[in-house]
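# Notes for the structure review
In case you want the letters, here they are:
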Amino acid sequence: MSSSNGLADDYVDDTDDVNYKVGNQKSTKEILENDQSDESLQKYKAKLGLSKGSDAKLKISIQDFIIEFANNEHPDYIFHLDSPENIAAMKKQQVTMKAGCKYRFKFKFEVQNDLVLGFRFASAIYKGGVRVAKESHMIGSFAAKKEAYVCSSPDIQAPKGLFASGKFTAKMSFVDDDKNNHIEFQFCIVLKKKWPKQ
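My aim in this report is to walk through the structure given alongside it, one point at a time. Being a predicted model, the structure only gives us computed values, none of them experimental.

One simple way to see leftover space: roll a probe sized like a water molecule over the atoms. Applying the stated criterion across every chain yields a total of one cavity of 30 Å³ or more. Empty space within the largest cavity amounts to approximately 40 Å³. Met97, Tyr103, Ile125, Ala158, Pro159, Phe168, Ile189 and Leu191 together form the lining of the largest cavity. Class assignment for the residues of the lining of the largest cavity results in eight nonpolar, no polar and no charged.

This brings us to the environment of Gly140. Its location among the elements puts Gly140 in strand 7 (residues 130–142). A C-alpha to C-alpha distance of 5.3 Å links Gly140 and Phe119, two positions 21 residues apart in sequence. When residues no more than four places from it in sequence are discounted, the contact partners of Gly140 are Val116, Gly118 and Phe119.

Within this structure, the stated rule accounts for four salt bridges. Arg104 serves as the salt-bridge partner of Glu68, at 3.5 Å between the closest nitrogen and oxygen. Pair noted here: Glu68 is in strand 2 (residues 59–69) and Arg104 is in strand 5 (residues 102–112), with a separation of 36 residues, a long-range link. Glu68 sits in the buried class, given a relative accessible area of 15%. Several salt bridges share partner residues, and in doing so they unite Glu68, Arg104, Lys106 and Asp155 into one network.

Reading the values: the criteria
Residues numbered from 1 in each chain as written. Predicted model: local features only at pLDDT ≥ 70, side-chain atom pairs only at ≥ 80, totals over all residues. Heavy atoms only, no water. 1 Å grid on protein atoms, 1.4 Å probe; cavity = no way out; pocket = protein on both sides within 12 Å on 5 of 7 lines; lining within 4 Å. Points joined across faces, edges and corners; volume = space filled by probe spheres on them. Nonpolar A, V, L, I, M, F, W, Y, C, P; charged D, E, K, R; others polar. Helix = DSSP H or I, 4+ residues; strand = E, 2+ residues; numbered from the N terminus. Contact = heavy atoms within 4.5 Å. Salt bridge = Lys/Arg side-chain N within 4 Å of Asp/Glu carboxyl O. Buried < 20%, exposed > 50% of the residue type's maximum accessible area, 1.4 Å probe, protein only.

As structure tokens, this is what we get:
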């Protein structure tokens, strides 16, 4: 886990709800040490993956990052982010889409060893180094468990208009209420007037 920096600082902070107040986040150790005499509560904590023998480090593992298109206009783009090498390779990936089309991001991820509060993603689109669009969506709060979670963003519309063509850079960051930046990556988007022939 790393603290928020780099890509996230550019387009996450100004999307936060100023009326939303986050309480003090407790560490795994503090949670485990509370209410030790309550047997039922201790069993519940164990179901969440919290135990005295667990690693106290909060960890989210994004396994798959998927781009789905509305009305099945184009086959999905599926990227596996289960290794540092695959994450680094995203910079060379190219996603081609029609200007003005609607799409959504889909994520498959695992939460280990802790509760994750206010997990959300932010994305920013750049052209020639200038930010032309940004999105930030709350995914939710999640308990640790062995099974993977699968969540989707709301529909997003690709840029359209006279200048909505050519190559763009998309930057993604996944953060939580405690400003932890769990993963960030970028990839290339190519906008065209028509869908490419399949």
